[in-house]
Amino acid sequence: MHTNKILPCLILVFLLLFSSSCLAHGKAALRGPAFSDPAKIYRLNDAWQKKPIIHDDWAQDADLAISLDQHLYPALLPLIKRFAKEKKLIIKVQEGTCGISAGKILEKSADIGGFCCPPGEDDRLPGLTYHTLGIAALGIIVNAQNPVDNLTMKQLRDIFQGRINCWKLLPGQTETSIDSCRIRPFIRLHCKSRPGHWRLLLDNEDLFSPRLQEVGTIRDMVSNVAGQLHGIGYEVLWHINKHEQHDMVKSIKINGADPANPANLTSLAYPLYRTFNITTWENAPDKKTVAHQLVTYIQDHMDEIDKSFNLIPAIMLRKAGWQFKDDELIGEPQ
Amino acid sequence: MTLSPSKRRTRTPFNFYRRYSINTKIIVVLTILLGASWISLDFIQGRQLKRLFTEQLNVMLQHHAQEARILFDKYTRSFHSSNKIIVSQKRFADYLKVKTPRWKEREPGEVIFHQQIPPWLPKPSVLRTLAHSQYYLLFDSANNLREVYTDQEKDLPTSLRNSAPTLRRLSHNQATMTEVDGRPFMIASTNFYDTEHKALGTLTLLSPINNDFLYSAIEGLLPAKAVALINDKTHLVIASNRPDMIGEGSSMEEIKKIFLLTGKSFFDYGVSDLKIHFVSLVPKNEYDALTSAAHEIGKKQRAIITLIMTLPLMALLFRITSRLKRLTKTIDLFSKKYLSGKQNVSQTHDQLLLLEERFTDLTHEIIQTNVESQNKYRALIETTDTGFVIVDEEGMVLDANQKYLRITGRANFGEIIDHNVQEWTAEDNKVRHFVATQKCLKSGNVSDLEIDYETPSGSVTPVEINAQMIEQEGQQIILCLIRDITERKEARQKLKRSLAEKEVLLREIHHRVKNNMQIISSMLYLQSMKALEPETIEVIKDSRKRVQSMSLIHEKLYRSNDLACINFGDYIKSLTDEIAKSYTSQLCPVQFNIEADNISLPVDSAIPCGLILNELTTNSFKYAFKELARGEINISFRREARQKLILRFKDNGTGLPDNFSVASSSSLGMSLVQNLTNQLHGTVEYKNKNGLQWTISFPAEHSQS
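My aim in this report is to walk through the structure given alongside it, one point at a time.

Definitions and cut-offs
- Residues numbered from 1 in each chain as written.
- Chains lettered and ligands numbered in written order.
- Predicted model: local features only at pLDDT ≥ 70, side-chain atom pairs only at ≥ 80, totals over all residues.
- Heavy atoms only, no water.
- Helix = DSSP H or I, 4+ residues; strand = E, 2+ residues; numbered from the N terminus.
- Buried < 20%, exposed > 50% of the residue type's maximum accessible area, 1.4 Å probe, protein only.
- Contact = heavy atoms within 4.5 Å.
- Areas by Shrake-Rupley, 256 points an atom, 1.4 Å probe, with all protein chains shown as cover.
- Buried area = accessible area lost by both parts, 1.4 Å probe.
- Salt bridge = Lys/Arg side-chain N within 4 Å of Asp/Glu carboxyl O.
- Polar contact = N/O pair within 3.5 Å; in protein donor to acceptor, adjacent residues only side chain to side chain.
- Nonpolar A, V, L, I, M, F, W, Y, C, P; charged D, E, K, R; others polar.
- Pairing = 2+ DSSP bridges.
- Axes fitted to C-alpha atoms, helices over the stretch in contact; angles between N-to-C directions.
- Expected span 1.5 Å × (residues − 1).
- Core = buried A, V, L, I, M, F, W, Y, C linked by side-chain atoms within 4.5 Å.
- Phe/Tyr/Trp six-rings, centres within 6.5 Å; stacked < 30°, edge-to-face > 60°.
- Patch = residues over 30% accessible without salt bridge, like charges linked within 9 Å, V, L, I, M, F, W, Y side chains within 5 Å.

1. Structural notes on the overall build of chain B
Then step 1. Secondary structure assignment for chain B yields 17 helices and 22 strands.
Then step 2. Taking all 705 residues of chain B together, the buried fraction comes to 44%.
Then step 3. Summarising the internal contacts of chain B: among those between residues at least 6 apart in sequence, 61% fall at separations of at least 24.

2. Here we look at the overall build of chain A
Then step 1. The number of helices and strands found in chain A is 10 helices and 13 strands.
Then step 2. In chain A, the share of contacts with a sequence separation of at least 24, taken over all contacts with a separation of at least 6, comes to 77%.
Then step 3. Of the accessible surface of chain A, which amounts to about 15200 Å², a share of 54% is contributed by carbon and sulfur atoms.

3. Topic: the side chain of B:Thr178
Then step 1. Looking at the secondary structure, you find B:Thr178 in strand S4 (residues 175-180).
Then step 2. B:Thr178 sits in the buried class, given a relative accessible area of 5%.

4. Observations concerning the interface of chain A and chain B
Then step 1. At the junction of the two partners, chain A supplies 30 residues and chain B supplies 25 residues.
Then step 2. Of the roughly 2200 Å² buried between chain A and chain B, counting both surfaces, carbon and sulfur atoms make up 45%.
Then step 3. Across the chain A-chain B interface, the total number found is four salt bridges.
Then step 4. With a closest N to O distance of 3.5 Å, B:Arg77 and A:Glu214 form a salt bridge.
Then step 5. For the pair chain A and chain B, the number of links is seven residue pairs in polar contact (both at pLDDT 80 or more).
Then step 6. Contributions of two or more residues to the side of chain A that touches chain B are made by strand S2 (91-96), helix H4 (98-106) and helix H6 (218-227) of chain A.
Then step 7. Of the residues forming the side of chain A that touches chain B, the biggest block, six residues, is contributed by H4(A).
Then step 8. Here the residues of the side of chain A that touches chain B are counted per class, giving seven nonpolar, 10 polar and 13 charged.

5. With respect to the sheet that holds strand S6 (residues 199-208) of chain B
Residue and element names in this part refer to chain B.
Then step 1. The six strands lie next to each other as S1-S3-S2-S6-S5-S4, forming an open sheet whose pairing is mixed. Only two strands of the sheet have a single neighbouring strand rather than two, namely strand S1 (112-114) and S4. Adjacent strand axes in the sheet meet at a mean angle of 25° when their direction is disregarded.
Then step 2. Bridge count between strand S5 (residues 183-193) and S6: nine bridges; the pairing is antiparallel. Bridge pairing in S6 links tyrosine 193 to alanine 199.
Then step 3. Taken strand by strand, helix H2 (residues 22-88) contacts strand S2 (135-140), S4, S5 and S6, and its axis lies near 30° from that of S5.

6. Some details on the environment of A:Asp286
Residue and element names in this part refer to chain A.
Then step 1. Relative to the assigned elements, aspartate 286 resides in the loop between strand S10 (273-281) and helix H9 (289-300).
Then step 2. In this structure, the C-alpha to C-alpha distance between aspartate 286 and isoleucine 54, residues 232 residues apart in sequence, is 9.6 Å.
Then step 3. Discounting residues that sit within four places of it in the chain, aspartate 286 has contacts with Lys51, Pro52, Ile53, Lys108 and Trp281.

7. Thoughts on the pairing of strand S21 (residues 683-688) of chain B
Then step 1. Here S21(B) pairs with strand S22 (residues 692-699) of chain B via six bridges, running antiparallel. Bridging across to S22(B), B:Thr683 finds its partner in B:Ser697.

8. Examining helix H16 (residues 603-624) of chain B
Then step 1. Its 22 residues place the ends of H16(B) 30 Å apart at the C-alpha level, agreeing with the 32 Å of an ideal helix rising 1.5 Å per residue.
Then step 2. Across the 22 residues that make up H16(B), a large majority, 19, are buried.

9. Points about the nonpolar core
Residue and element names in this part refer to chain A.
Then step 1. Within the largest apolar cluster, 51 residues are counted, with the highest numbers of intra-cluster contacts made by Leu156, Phe160, Ile232, Tyr234 and Leu272.
Then step 2. Residue assignment for this core shows that the elements contributing at least two residues are strand S4 (128-143), helix H5 (153-161), strand S6 (184-187), H6, strand S8 (231-236), helix H7 (237-242), strand S9 (249-254) and helix H10 (314-319).
Then step 3. With six residues, the single largest contributor to this core is S4.
Then step 4. Membership of the second largest hydrophobic core comes to 47 residues, among which are Ile91, Val93, Cys117 and Ile278.

10. Side note on the packing of aromatic side chains
All names here are of chain B.
Then step 1. Taken as a whole and judged by the stated rule, the model has 25 aromatic pairs over all chains.
Then step 2. With 5.6 Å between their ring centres and 75° between their planes, phenylalanine 72 and phenylalanine 278 make a pair best called edge-to-face. Taken as a pair, phenylalanine 72 in helix H2 and phenylalanine 278 in strand S10 (residues 276-283) lie far apart in primary sequence, 206 residues in all. The two residues phenylalanine 72 and phenylalanine 278 agree in class, both being buried.
Then step 3. Judged by centre distance (4.9 Å) and plane angle (80°), the ring pair of phenylalanine 92 and phenylalanine 192 falls under edge-to-face. On the criterion of sequence distance, the pair formed by phenylalanine 92 in helix H3 (residues 90-98) and phenylalanine 192 in strand S5 is long-range, its members being 100 residues apart. Each member of the pair phenylalanine 92 and phenylalanine 192 is classed as buried.
Then step 4. These aromatic residues form a ring-pair network of at least three members: Phe72, Tyr75, Phe79, Phe213 and Phe278.

11. Re the side chain of B:Lys622
Then step 1. Within the fold, B:Lys622 resides in helix H16.
Then step 2. Reaching out from B:Lys622, the side chain makes a polar contact with the side chain of B:Asp542 at a distance of 2.4 Å.

12. With respect to a nonpolar patch on the surface
Then step 1. Side chains of B:Leu313, B:Leu316 and B:Ile320 sit close together on the surface and give an oily, nonpolar patch of about 260 Å² of accessible area.
Then step 2. Position of B:Leu313 relative to the elements: it lies in helix H9 (residues 284-338).

13. Observations concerning the sheet that holds S22(B)
Residues and elements named next belong to chain B.
Then step 1. Pairing is mixed across the open sheet formed by five strands, whose spatial order is S17-S19-S20-S22-S21. The open sheet is flanked by strand S17 (590-596) and S21, the only strands paired with a single partner. This sheet shows a mean twist of 10° between the axes of neighbouring strands, independent of strand direction.
Then step 2. In terms of strand pairing, S17 meets strand S19 (residues 631-640) through seven bridges, oriented parallel. Along S19, the bridge assignment pairs alanine 596 with phenylalanine 637.
Then step 3. Contacting S17 and S19, helix H15 (residues 568-582) runs over the sheet at an angle of about 170° to S17.
Then step 4. H16 contacts S17, S19, strand S20 (644-651) and S22 of the sheet and is inclined by roughly 10° relative to S20.

14. Quick look at the pairing of strand S14 (residues 460-472) of chain B
Residue and element names in this part refer to chain B.
Then step 1. Two elements, strand S13 (residues 445-454) and S14, share eight bridges in a ladder whose sense is antiparallel. Paired with tyrosine 453 across the bridge in S14 is threonine 461.
Then step 2. The turn joining S13 and S14, which pair antiparallel and follow one another in sequence, is formed by five residues; a positive phi near 105° is taken by glycine 458.
Then step 3. Bridge count between S14 and strand S15 (residues 475-484): 10 bridges; the pairing is antiparallel. The partner of glutamate 464 across the bridge, within S15, is arginine 483.

This is the structure we're talking about:
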């Protein structure tokens, strides 16, 4: 009698644990990693490690050669120029992308690299240190005429996975509120080997619906959503706002959280963001004091960066309980 | 402004331009302006057209570059997708998992090169649908390159082989662009696993980014559109779809010489360590030809517009010059007719200048005439002995002459100009003066107004004012002629006094004559008292009556206001009364019916006429009514035919004898009648018709009505 009662209970507990485990696994499988393991350093041969930093032609006589992505370049340039003037240094800065910065770092032609993504495992090169400057919201954008202004994270994932392909299927939407039903999501699957960014929405390219339209550039992303009444896409707010058609798109809330509100990001109420890092060399032949001084200078003057770049500085993240290893952001609040 | 014709026409070095007509000059100027405008407009329009074209091309080519880049993006993605498709093919799995791969038979480091499709790749029909790769590399799980398929008769670049692990790391699960041996390559890698998810190896697709690659990537674009990939670091062409024009390795500077480089964008994939610009280009000769064609069209349109605008302008010009000529002629005629007509002979053929000269001459003439007129007027009013003053409607002095200044007794014009005339008008004349001024403003003139002016010293000057109101520039002004009438007034007073004295004297004379005649009458009466014969008494009595009738005239004269004439009607009544009184005791009653116009006769006519009437009345009393119980005498004195006076006398008596004749009568009375009528240059008629009827008519030379 006693055994008869215990057995169903044990089965029930087992089923509950199994289902919760499955759900947890499913959720984890959808959301990609926000950061890579800082302990894993990509191995490169001795010849590479012994190779000194040699500037390219564009920075031949410079004290520092810096390669920055297209978000950090305009944001940091005034501070870098001011620092160079104060220290009487020649600092050459080149605008590029994460890939270009990674390329310069790999070929050892730049003293500092700037990235709009957290480092992937392959980006952690021997002797290279990452300094997190901050994060910025990755806005979900829809056409400005679209009445939708808020989606849950689940709805968003369902849309990009192709499970919801019609606006009227969303709660509160009717056929009349938007002429045609078909949702047209646009994706830009950049930096696939790096964590964070779009991978916080869906971990990998195979999780996205095969019917989505893939674009190659930020410009194409904003242009397509601006030109498509039913379009939806994603991009950091600064890139959206500087686009000539910025008034034809709007960023919407996720789970009721506005991406423009920094508090929503620090509390993770708004869950999509990009991480901005710059790198310095720590190994003896490549280590430059002025490079570290510049990084410190930038970190100390983050509040002077124009607010339109929507950068939430690392100091705020530290206060909000985000995890850091030395200067690098490595984890979300527990 | 003073116009001086002589100064105006001083010769200058630019006088030659006066020789030509305005039509000629405007045509020349218009031609120069049109030419200059044409050249300027051509230059400006050309530049604007080029700028516009450049802007439009820029926009178009930016879109073009974007379109081309989107195609390139897709191709890049498909490069990675192709890799994944190959790995997922059954042929690939069979080769690696089912069959024993060929490299198993070889040593690591020994690479099998395939020039034909190897068994691990899809069949050509499938492979053609995928992105074209120059190299298909198969690595084992230990990162050793084992097999290579390439359609190029080339070995794999050594550096590529050596850096294979790094490249595969960069391209893992994605397509990336990187440089190998200084040349850009597109690489995509995909791991493949056994059934237990154990890595068996990696498939890497690798292709140099060159003209072929670019052509494959953008084959959807029209070949006419030139695009090129530019290395941001070296600024050299990596690839182009028009290698005939844009060769690999061409520098940007070289390209810019023959192309307009407008559209430009670069990749922001984040997985590429190369910064490559995608540019669209337009050959300059095509652009120039297009610009020139548009420019030519613009030129033709400009020419037509110029012609359309110029012809009416010329017509208008000739119309204007024709009107100018007519206007000049009218001025000449006006000058000749109303002014001196002395127009200077002009050397110019310019109608406008000629008109200007004529107009200036005319103005000069008018000014000259006006000045002369003013001088004449001033001289006239200054030389006359009459005061002249112009006042406004309030009586304020606007202008005056010296005489007026003297009349007012003021020292200078400052004391009267802008002063009111009432200031020097005598106190008791001010109202009258004011009323007269108002009357003049209403009726237009005032004549012979006599008032007194008071000088500052207190003396009074009587003046006579004749004024005329005129309107000048919308304002009423009064022109006044002022005469000092002090002497005239004094002379008039003297004359008046003299006249009064003479009147008294004359009245006295008439009175004395009358008195003397009364004395004569009295004397005759006394004489008749002493006469014994009745005839003598009668003669004296008749004489006395005659004297009395003359006395009565003098009495009437000195009693009348006019000492020269007497009202003859009154005289007839008085005379007939007097005569009737003298016969009341001896005769029947006599009725007088007198009808007389209001006629005054001078003494020269009155005395003869009175004596005639006396004779006729006395005669009637003596002879006419002896056998009648009642006598009747009708007397009328009328003016007829303006210059003729008729005295009719009629009684109802016995009349004259049938054979009676005045001329042959010995009666003194009848003789007197006849003689006195002759003295009056008149005629006498009589007839018997129910009594005696006399008609005396004489010219009314001195009579007054």
